[in-house]
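# Structural features, examined
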2 protein chains.
Amino acid sequence: MGYELVTLYDVARHAGVSIATVSRVLHGQGPVRDNTRDRVRSAIDELGYVPDGAAQSLARNRKDVIGLVAVEHMGLKPDQYDIESMSLLFYDAVIRGVELRIREKNWALLINFLREEEDMAQQESVQSRLLALSGKVDGLLIGEGILAPQTLAKLARRLPLVVVAGDTAQRAVDVVSADNWSGAHALVEHLVVDHGRRRLFHIGGPATAPDATERRLAMAAVIEANPGTALTGSYTGLFSVTSGREGTLAMLAAGGELPDALVCANDQMAIGALRTLAERGIRVPDDIAVVGFDDIFPASLCEPPLTTVHQPIRKLAEVACDRLAQRINDPTLRPKQELLPTELVLRSSCGCPPGTMERWEVRHVARRKPTGAAKSGRPLAGTAAVAAEPLTAER
Amino acid sequence: MGYELVTLYDVARHAGVSIATVSRVLHGQGPVRDNTRDRVRSAIDELGYVPDGAAQSLARNRKDVIGLVAVEHMGLKPDQYDIESMSLLFYDAVIRGVELRIREKNWALLINFLREEEDMAQQESVQSRLLALSGKVDGLLIGEGILAPQTLAKLARRLPLVVVAGDTAQRAVDVVSADNWSGAHALVEHLVVDHGRRRLFHIGGPATAPDATERRLAMAAVIEANPGTALTGSYTGLFSVTSGREGTLAMLAAGGELPDALVCANDQMAIGALRTLAERGIRVPDDIAVVGFDDIFPASLCEPPLTTVHQPIRKLAEVACDRLAQRINDPTLRPKQELLPTELVLRSSCGCPPGTMERWEVRHVARRKPTGAAKSGRPLAGTAAVAAEPLTAER
DNA sequence: GGGTTTAGCGTAAGCGCTTACACGGCACCT
DNA sequence: AGGTGCCGTGTAAGCGCTTACGCTAAACCC
């Protein structure tokens, strides 16, 4: 009493027709007499027939499955990997967003996590994992820009591929990202311009994370553009609460005058910082402002509520899926990089009054070329944070 | 310049061998001369050959893919579905846990969400979605016990299936769940026995969620076993922060003396409650204790930190995957229901002193038969919360 | 009424892979 | 030298499905 496999042939025999007719009924294609259709339908019901996905894929040369590869940064040993504290990260929301979008297309979603430290050590095994995955899908959504460019290129030659939340400087592949730079720029500018913060400390993300890099560069740009402000120090974390704690301890251990703003590359680290500061009796935002990035759910629960930058994750997922669909339909498309606007979310950890809850959409901020801007030929606008209408203002 | 498909034939031709030989090299099976093996290997490399998953599945009659169906309760219209606030739910952790386990087995994971309200309305479409899914996988992990029993049975007849976090009363299929009843029992008993709370209010989960039912029943059992305690009222929520808020408002609106404990069926609702109470200037735990369930990440960040019950999600995922593997190997296995121990996590929202952080593993608590216990023939032990050694005690 | 359509269905050729089986050759035994 | 065995490889038969093509019979045209 195993699971007996009912095939098209069984249905055909049962209904007294050929397999072609069953297939036609199944897909509503081709002319079939009503009478015949009914016979086939009831045969399908009676036998409990379900078409085999593998056989369909093979015959159709199309799998209707896409893969999502999420890259996670972690400092833990694999056996210490703590599911609970990794949850609610960025990718959980991406997964939901993607799933929501592709179900309209009747695709299925294959999930794969690449965990840094665990996997990255042997790029070899990562490659083979990805290749094996690529044999099972029509296209791939791949997180971040952590993979070696040649690995990415190799993959992109084999099948449709869109990088999600990756490095938009990558010009050889499709990329869909949130505008990290502009978001971080607006955030730090808010700290400097609106709250007069001058001495900033940075707790950054892993060097391998392109979004962390963007955020750091944006902060640097604001500092450079505002004489009198300075980066008093920085710490490189791993996007975890623990990293935030360690970064804060490092800042404190440095001694000297306390910086007046702590810019964290994500919310988890900001939360770690908030807790550490609270334990030391350092007041936020009075003694020091703290800001994060991502606007994860707990950001609004902190004490004080965290000022941060909201990522348009759902939009991100939608655009990425759509782009992938386009590429699957037309492989010759030239790669495109898309940047989605972020939102500045003002709560009170930045110095805004308690109870503040404002959201400002951050439109693209023209970015100053790091060097040799003149060479580019066309003049670049200076940096300018453009904060449009407030989107919401609660309370 | 599309994505040209390299097949086994191409490799064979290129290496001057037959396709059987290439296949053998690929899987390291059967004797192949070193010289030949090398030629084939380099042909594979040069052509960038990757075996087609569909063809392999078809030939092997095995897909090496399992599906995970997550069921979400939601009160929102589909277009209002808020990814961010749904994140960090139970299933995000389950997905991670499952993925972690099956990668050892070299399986892939297909994700599917079933969203209540959106999907449940038409059981019809749910069925067809699940059937279509079942054609693409070797087995299914299915969340909760929300599906109509006959749908489940129909599915279970077709392919290996394990219910995760579902109703363990289901005896016809494999089920792996956390011991919600015992966890909730220990939690409420803690409130009543250790903190002397007497007047409880309950914010429960959806009636369709078996775990919510378990938690409610356990609470009722404690109340029944402790004369002098009473349930002053209850509210049925949807496991969301908003529901927690609404439930709290309902409690407040009821007027009369404030209950001295608020038992929420999950952490999100407890968080909603905490915020609402804070706004009203009601002190926790002095005026009223609040407890949750699940121990999601933000539970430790609340003010005051939330006392709750920790679910062994990773263990849950592991056991469920292993069980599924067993059933795939041997379809004749008789269904088994497994209950995993939970942990009581004491922080301070229950009345324990600030800074408390204790975890107690809750072993199985013998459950009193609701009615007709005598009929069962064998005597049942009375309810007794067994709190073993404290597992950790921080600070 | 002979010819041309067309609806309705069956036949069969794949899709890219795995694997049972066959077969040639060499090594080894008697 | 003839037999026996095994190693290394090729041949071919599927796996369950889609779909181009072909055929039959009824419907339609002038």
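These numbers were taken from a predicted model, which means no experiment stands behind them.

Quick notes on the rules
- Residues numbered from 1 in each chain as written.
- Chains lettered and ligands numbered in written order.
- Predicted model: local features only at pLDDT ≥ 70, side-chain atom pairs only at ≥ 80, totals over all residues.
- Helix = DSSP H or I, 4+ residues; strand = E, 2+ residues; numbered from the N terminus.
- Buried ≥ 20, exposed ≤ 12 C-beta atoms within 10 Å, placed from the backbone.
- Contact = placed C-beta atoms within 7 Å.
- Pairing = 2+ DSSP bridges.
- Near = placed C-beta within 6 Å.
- Nonpolar A, V, L, I, M, F, W, Y, C, P; charged D, E, K, R; others polar.
- Least-squares fit on C-alpha atoms with pLDDT ≥ 70 in both.
- pLDDT = per-residue confidence, 0-100.
- Right-handed = clockwise from strand over helix to strand, strands pointing away.
- Axes fitted to C-alpha atoms, helices over the stretch in contact; angles between N-to-C directions.
- Expected span 1.5 Å × (residues − 1).
- Arc of directions from axis to C-beta.

## Things to note about the overall build of chain A
Secondary structure summary: chain A contains 13 helices and 14 strands in total. The buried share of chain A, reckoned over its 395 residues, is 50%. Once local pairs closer than 6 in sequence are excluded, the contacts in chain A between residues at least 24 apart make up 70%.

## Thoughts on the pairing of strand β12 (residues 342–346) of chain B
All names here are of chain B. When you tally the buried positions in β12, you get five out of five residues, the bulk of the element. Every second residue of β12 is oriented toward a common face, with T342, L344 and L346 on one face and E343 and V345 on the other, all of them buried. Bridge analysis of strand β10 (residues 308–310) against β12 gives three bridges, and the strand direction is antiparallel. The residue of β12 that forms the bridge with T308 is V345. With five bridges joining them, β12 and strand β13 (residues 358–362) adopt antiparallel strand pairing. Bridge assignment links L346 to a residue of β13, and that residue is E358.

## Concerning the protein's contact with DNA strand D
Every one of the 28 residues lining DNA strand D counts as a neighbour, but L8 and A59 of chain A together with S18, A20 and P31 of chain B are closest to it. Those elements that place two or more of their residues in the surface near DNA strand D are α2 (19–27) and α4 (53–60) of chain A together with α2 (19–27) and α4 (53–60) of chain B. Broken down by class, the residue content of the surface near DNA strand D amounts to 16 nonpolar, eight polar and four charged.

## Here's the deal with the environment of I142 of chain B
Residue and element names in this part refer to chain B. Take I142: it is sitting in strand β3 (residues 139–143). Here I142 falls in the buried class, since 29 other C-beta atoms lie within 10 Å of it. Between the C-alpha atoms of I142 and S42, which are 100 residues apart in sequence, the distance is 43 Å. The residues touching I142, leaving out its near neighbours within four places in the chain, are V69, L161, V163 and V164.

## Describing the relation of the copies chain A and chain B
Both copies of the chain are related through a single rotation about an axis accompanied by a shift along the same axis. Superposing chain A onto chain B takes a rotation of 180° plus a shift of 0.0 Å along the axis, which leaves an RMSD of 0.1 Å. The superposition of one copy onto the other is thereby described by a two-fold rotation axis. Comparing interface residues between copies, 100% of those in chain A also sit at the interface in chain B, which points to an isologous, same-surface contact.

## Digging into the protein's contact with DNA strand C
Within the structure, DNA strand C sits among 29 residues, and S18, A20 and P31 of chain A together with L8 and A59 of chain B are positioned closest to it. Breaking the surface near DNA strand C down by element, the ones donating at least two residues are α2 and α4 of chain A together with α2 and α4 of chain B. Broken down by element, the surface near DNA strand C gets its largest block of residues, six residues, from α2 of chain B. In terms of residue class, the surface near DNA strand C is built from 16 nonpolar, nine polar and four charged.

## Brief notes about the confidence of the model for chain A
The predicted model of chain A averages 86 in pLDDT, with 86% of residues at 70 or higher. Long-range and interchain partners of residues 370–395 of chain A, a stretch whose pLDDT sits below 50, account for 41 contacts in this model, where long-range means more than four residues apart.

## Looking at the interface of chain A and chain B
In this assembly, 49 residues from chain A lie in contact with 49 residues from chain B. When contributions to the side of chain A that touches chain B are tallied by element, the ones reaching two or more residues are α4, α5 (83–86), α6 (90–102), β2 (108–115), α7 (123–134) and α13 (313–329) of chain A. In terms of residue count, α6 of chain A provides more of the side of chain A that touches chain B than any other element does, seven residues in total. Looking at side-chain class alone, the side of chain A that touches chain B contains 29 nonpolar, ten polar and ten charged residues. Pairing geometry for β2 of chain A and strand β2 (residues 108–115) of chain B, over three bridges, is antiparallel. From the neighbouring strand, I111 of chain A faces β2 of chain B, where its bridge partner is L109 of chain B.

## So, the pairing of strand β7 (residues 230–236) of chain A
Residue and element names in this part refer to chain A. Two strands pair when backbone bridges link them, and strand β6 (residues 199–204) and β7 are joined in this way by six bridges, in the parallel orientation. Bridging from a neighbouring strand, L200 pairs with L231 of β7. Since β6 and β7 lie parallel, the crossover through helix α10 (residues 210–225) that links them has a hand, and here it is right-handed.

## Some words on the sheet that holds strand β7 (residues 230–236) of chain B
Residues and elements named next belong to chain B. Sheet architecture is open: four strands sit in the order β7-β6-β8-β9, paired in parallel fashion. Of all the strands in the sheet, the pair left with one neighbour each is β7 and β9 (289–291). Across this sheet, the average inter-strand angle for adjacent strands is 15°, counted without regard to direction. Bridge count between strand β6 (residues 199–204) and strand β8 (residues 261–264): four bridges; the pairing is parallel. Its bridge partner being in β8, F201 is matched across the sheet by L262. Contacts from helix α10 (residues 210–225) reach β6, β7 and β8, with the element oriented near 170° to β6.

## Brief notes about helix α7 (residues 123–134) of chain B
The end-to-end C-alpha separation of α7 of chain B is 16 Å, in line with the 16 Å expected for twelve residues at 1.5 Å each. Of the residues making up α7 of chain B, those classed as buried are V126, L130, L133 and S134 of chain B. One side of α7 of chain B carries all its buried residues, which in axial view fall inside an arc of 100°. Across α7 of chain B from its buried face, at more than 90 degrees, point the exposed residues E124, S125 and S128 of chain B. Those residues of α7 of chain B hidden inside the fold are in contact with β2 of chain A together with β1 (65–72), β2, β3 and α8 (149–158) of chain B.

## What to know about helix α3 (residues 34–47) of chain A
Residue and element names in this part refer to chain A. For α3, spanning 14 residues, the distance from its first C-alpha to its last is 20 Å, which sits close to the expected 20 Å at 1.5 Å a residue. Along α3, the positions that sit buried rather than exposed are V40, A43 and I44. Projection of α3 onto a plane perpendicular to its axis shows the buried side chains occupying an angular sector of 100°, all on one side. In α3, those exposed residues whose orientation departs by more than 90 degrees from the buried face are D34, N35, S42, D45 and E46. As for α3, its buried residues are in contact with α1 (8–15) and α2. Trailing α3 by a residue or two, G48 shows a phi angle of about 65°, which is positive.

## Re the sheet that holds strand β9 (residues 289–291) of chain A
What holds strands together in a sheet is hydrogen bonding between their backbones, with the strands either parallel or antiparallel. Residues and elements named next belong to chain A. Pairing within the open sheet is parallel, and its four strands lie in the order β7-β6-β8-β9. Of all the strands in the sheet, just β7 and β9 have a single pairing partner and so form its edges. In this sheet, neighbouring strand axes are inclined to one another by 15° on average, regardless of whether the strands run parallel or antiparallel.

## Regarding unusual backbone geometry
Along the chain, V284 of chain B connects to P285 of chain B via a cis peptide bond; the corresponding omega equals 5°. Inspection of the secondary structure assignment puts P285 of chain B in the loop between α12 (267–279) and β9. For the bond running from E303 of chain B to P304 of chain B, omega is -10°, close enough to zero to count as cis. Among the structural elements, P304 of chain B can be located in the loop between β9 and β10. Backbone geometry at D64 of chain A places phi at a positive 55°, although glycine is not the residue there. Structurally, the position occupied by D64 of chain A is in the loop between α4 and β1 (65–72). Backbone geometry at D294 of chain B places phi at a positive 120°, although glycine is not the residue there. Judged by C-beta crowding, with 29 C-beta atoms within 10 Å, D294 of chain B ranks as buried.

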